[in-house]
Amino acid sequence: MECTFASVFYRPHSGNGYNTILSSLWSRKNSIQSVSSGTSSEVSEALNPLFERSYCLFRLCPYCRDGGPEVVLADMWTKSKKFAKRVSLYPDVFENFHGHHFSIVTLEYAPFSCYEKTKGLEVKLKDCVDTRMVNAMSKSLNFTYQVREPTVPQWGYKLDNGSYTGVIGTVQKYEADFSLNVAFTGDREKVIDYTVGYFNDPLTFCTTKPRPLNQALTLLRPFQLWVWIGFFIVSLAMGPLYYLSCRVLPEPNFSSTGSRSKKSLSLAKAIMKIYGSLLSQSDPWNAGDGSRVLAAAWIIFSLVTMTSYVANLIASYTLPALSPTLNTLQELVDSDFSWGIQNLGAADYQLFKSSEVPLYQKVFAGLDMCPDLDECLKRARDTKYAFITWRLYMEDRIAIRFTSATGERQLHVAYEDFFPSEIGWAMNSGCPFRGKFNNVIRKLLESGIITKWLKDIILDPKRRDPVATVDIVPRLEGPQPLGLEQLQGIFYILGLGCVMSSIAFVMELGLHSLRVLD
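For every chain, the first residue of its written sequence is number 1, and the numbers climb from 1 along that sequence. Reporting of local features is limited, given that this is a predicted model, to residues whose pLDDT is at least 70; pairs of side-chain atoms are given and counted only at 80 or more, and all residues count toward the totals for whole chains, interfaces and linings. Only hydrogens and water are set aside; all other atoms, that is, all heavy atoms of the structure, feed into the side-chain values.

Helix and strand assignments follow DSSP, with helices taken as H or I runs no shorter than four residues and strands as E runs no shorter than two, numbered in order from the N terminus. Helix and strand content of the chain: 16 helices and 17 strands. The proportion of buried residues among the 518 residues of the chain is 43%. Look at the contacts in the chain between residues 6 or more apart in sequence, and 71% of them connect residues 24 or more apart. Only carbon and sulfur atoms are counted for the fraction: they give 59% of the accessible area of the chain, which is about 29,300 Å². Type-normalised accessible area, obtained with a 1.4 Å probe on protein chains alone, sets the label of each residue: buried when under 20%, exposed when over 50%, and partly exposed for intermediate values. The contact definition used throughout considers only heavy atoms, calling two residues in contact when any of these lie within 4.5 Å. Areas reported here follow the Shrake-Rupley algorithm with a probe of radius 1.4 Å; residue values treat only the protein chains shown as occluding.

It is worth spelling out the pattern of salt bridges at this point. Only one rule defines a salt bridge in this text: a Lys or Arg side-chain nitrogen within 4 Å of an Asp or Glu carboxyl oxygen. Applying the stated rule across the entire model yields 14 salt bridges. The partner of D396 in a salt bridge is R463, and the shortest N-O contact between them spans 2.8 Å. With a gap of 67 residues between them, D396 in helix α13 (residues 391-401) and R463 in the loop between α15 (449-458) and α16 (484-517) connect regions that are remote in the sequence. Both residues of the pair, D396 and R463, belong to the buried class. Connected via shared salt-bridge partners are R391, E395, R409 and D417.

Counting 89 residues, the largest nonpolar core has F352 and F437 as its most contacted members. We call a set of buried residues a nonpolar core when its members are Ala, Val, Leu, Ile, Met, Phe, Trp, Tyr or Cys and they connect through side-chain atoms within 4.5 Å of each other. Within the second largest apolar cluster, 17 residues are counted, among which are L219, A270, I274 and L294.

The next subject is the UniProt feature "transmembrane region" (unreviewed entry) in the chain. Feature annotation in UniProt assigns "transmembrane region" (unreviewed entry) to the following positions: residues 225-244, 293-315 and 490-511. Secondary structure content for residues 225-244 is 100% helix and 0% strand, while the C-alpha to C-alpha distance between its ends is 29 Å. A helix fraction of 100% and a strand fraction of 0% characterise residues 490-511, whose end C-alpha atoms lie 31 Å from each other. UniProt positions are given in the numbering used here, feature names are shortened, and annotations may be inferred rather than shown by experiment.

Along its 13 residues, helix α14 (residues 434-446) runs 18 Å from first to last C-alpha, staying within 8% of the 18 Å computed at 1.5 Å per residue. Within the span of α14, buried status applies to K436, F437, N438, V440, I441 and L444. Looking at the buried positions of α14, the neighbouring elements they touch are α4 (129-141), β8 (143-148), β9 (178-183), β17 (418-427) and α15. At the exit of α14 stands G448, carrying a positive phi of roughly 80°. The span you would expect from a helix comes to 1.5 Å times its residue count less one.

We now examine the packing of aromatic side chains. For any pair of aromatic rings, the description consists of the separation of the ring centres together with the inter-plane angle of the planes. Two rings from Phe, Tyr or Trp (for Trp, the six-membered ring) form a pair when their centres are within 6.5 Å of each other. A pair whose planes differ by under 30 degrees is stacked, one over 60 is edge-to-face, and the rest are tilted. Counted by the stated rule, this structure contains 39 aromatic pairs. Ring pairing ties together the aromatic residues Y63, F94, F97, F102, F143, F178, W425, F433 and F437, which thus form one cluster. Sitting over the face of the ring of Y385, R379 holds its NZ or CZ atom 4.0 Å from the ring centroid. Only lysine NZ and arginine CZ atoms are considered, and such an atom sits over a ring when it is within 6 Å of the ring centre and within 35 degrees of the ring normal.

Moving on, we get to unusual backbone geometry. Omega for the peptide link from A110 to P111 comes to 5°, which places this bond in the cis form. Note that P111 resides in the loop between β5 (100-105) and β6 (115-117). The phi dihedral of Y174 is positive, around 60°, even though this residue is not glycine. Locating Y174 in the fold gives a position in the loop between α5 (166-172) and β9. Not every positive phi belongs to a glycine, and F419 is a case in point at roughly 50°. Position of F419 among the secondary structure elements: in strand β17. Overall, F419 belongs to the partly exposed group, its relative accessible area being 22%.

Regular strands place side chains that alternate from one sheet face to the opposite one. When you tally the buried positions in strand β2 (residues 54-64), you get ten out of eleven residues, the bulk of the element. At least two bridges found by DSSP between two strands is the condition for calling them paired. As consecutive antiparallel partners, β2 and strand β3 (residues 68-78) are separated by three residues, and within that stretch R65 has a phi angle of approximately 45°, a positive value.

Note on terminology: disulfide denotes any pair of cysteine sulfur atoms within 2.5 Å. According to the stated counting rule, one finds three disulfides in the structure shown. A sulfur-sulfur separation of 1.5 Å characterises the disulfide bridge that pairs C61 with C64. In this structure, the disulfide formed by C61 and C64 twists by about 70° around the S-S bond and is classed as right-handed. In this pair, the class of C61 matches that of C64, namely buried. Through a disulfide, C370 is tied to C376; the S-S separation comes to 1.8 Å. One quick way to see it: the torsion about the S-S bond of C370 and C376 is about 105°, and its sign makes the bridge right-handed. Regarding the disulfides, the chain carries the connectivity 1-2, 3-4, 5-6 under sequence-order numbering of its bonded cysteines. In this model C206 remains outside any disulfide bridge; the closest cysteine sulfur is found in C376, 8.8 Å from its own. Relative accessible area serves as the criterion here: at 0%, C206 is assigned to the buried category.

Right, let's get into the packing of helix α10 (residues 347-354) against helix α11 (residues 358-365). Lines are fitted to the C-alpha atoms to define the axes, a helix being fitted only along its stretch in contact, and any angle between axes, read from their N-to-C directions, falls within 0 to 180 degrees. Their axes nearest at 7 Å, the elements α10 and α11 cross at an angle of 115°. With respect to the hand of their crossing, α10 and α11 are arranged in left-handed fashion. Contact with α10, carried on its side by Y349, L351, F352 and K353, involves Y360, V363 and F364 of α11 and no other residues of that element. Across the contact of α10 with α11, the residue classes break down as six nonpolar, no polar and one charged. The crossing is said to be left-handed when, going from far helix to near helix, the turn is anticlockwise and less than a right angle, and right-handed when the turn is clockwise. Each residue gets one of three labels, nonpolar for Ala, Val, Leu, Ile, Met, Phe, Trp, Tyr, Cys and Pro, charged for Asp, Glu, Lys and Arg, and polar for the others, Gly among them.

Below, the discussion takes up the packing of α4 against α14. At a minimum axis separation of 11 Å, α4 and α14 run at an interaxial angle of 120°. Considering the angle they form, α4 stands oblique to α14. Crossing geometry of α4 relative to α14 is assigned as right-handed. On α14, the residues touching M133, M137, S140 and L141 of α4 are K436, F437, V440, I441 and L444. The class makeup of the residues in the contact of α4 with α14 is seven nonpolar, one polar and one charged. Any angle between 65 and 115 degrees counts as roughly perpendicular, while under 35 counts as roughly parallel, over 145 as roughly antiparallel, and the rest as oblique.

We now examine the environment of V105. Along the chain, the position of V105 falls in strand β5. Classification of V105 as buried rests on a relative accessible area of 0%. V105 sits 50 residues away from W155 along the chain, and the two C-alpha atoms are 10.0 Å apart. Sequence-distant contacts of V105, defined by excluding residues within four places in its chain, comprise R148, E149, P150, V167, T170, V171, A176, F178, S179 and L180.

Here it is, written out as structure tokens:
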């Protein structure tokens, strides 16, 4: 094989690989031509004697000479001198990118990636965690970069043909060298490579904050519905039951002549005795043994029931009841809330779409998309809507735009986390320099720099938007006098009682008139 240094050097495809050695046999004729024409001083210096046959070894350098691919002379072998340079034939070609210009794709995901649009799809990064990471990496590895949005403004989900949309699709199709933060999923890993993860962010949801309940129903809130049902059933049954016990074993009574007689008890009086005991009214009970046992059981029941009711009623007036909060995905599905995610075709959409878990399938069936992060949060704040997204992404935005000057948040964030996912960068499948990027990320993680950056950015007061911040009405401190709003329920009961008594009075008056006429 005869090949000159020049012919190897100018092959256009030769710089597209690495860890590859090209060998070229130099004949006497080619050697003389090369030396005389000055094609390579390194080759001419290595030829000793002048007409000795040599093997030139050329190495592929993917990022050399202004960051472009190049074929460089690695070493030369001759029979007399063996290897001339005696250097490593396979050095680390990714130690220095020599100013190579990378194409990066991303979408906004504060506090990790933040940017402002410049022209077309190109963007300019603002101060966020990923911005600091890529700047530190470019300085360490000597490269430049340009960031842009994907053609389809989505993070990327799998289509029926196996390709992906958005950020993931751009990296999958080699239209960008790598992306900034994306969530790790098993299906994505089949078409792209990930760097090491540098943060774990789970999914959760937020809803409107608990609001004061209707004070007119305060009298009913101390007990749950089934307790009230059981209480009324027992109360209605105890009057006739006590009446029967007194009729079967009536209380003995002695007449003036000394003979025994039976003291009668009407059904109406028995019911009023039972009702009076609920209101702690004292009244003599039947002296029969059976009715005494029944009365004792009822008195204990009344004492515990009414004490519990009064205690809870006082607590309700002291601390007004608030609407219940939703803290688990199962509670959300069982509630009358609607729910949705941001329309970005992200990993959350792929999870609910492809999951075989019945709960996730129910969530996917009821998804109601919202277009913008702020709009999603406003909708969750103002209506019965639950916004599902990544916890830190959500809480960071709530801290910036939905928190009062006193630090009170306008939304309730659920306690439950689900689908925890690592965050890292997506790279082209088989990316040869992924290991070098991983080394830099590991150093940033082990030194605690990423954690410090994240904390500094989240707590930065300059990121708070004073225009969009709406103060929540402050809570009143100390005891407050009860007003008509709190006590309206008892007035309703009094009014209802007056109406019913008036109806009963009119009916009695009519019956009395009929009797007089007869």
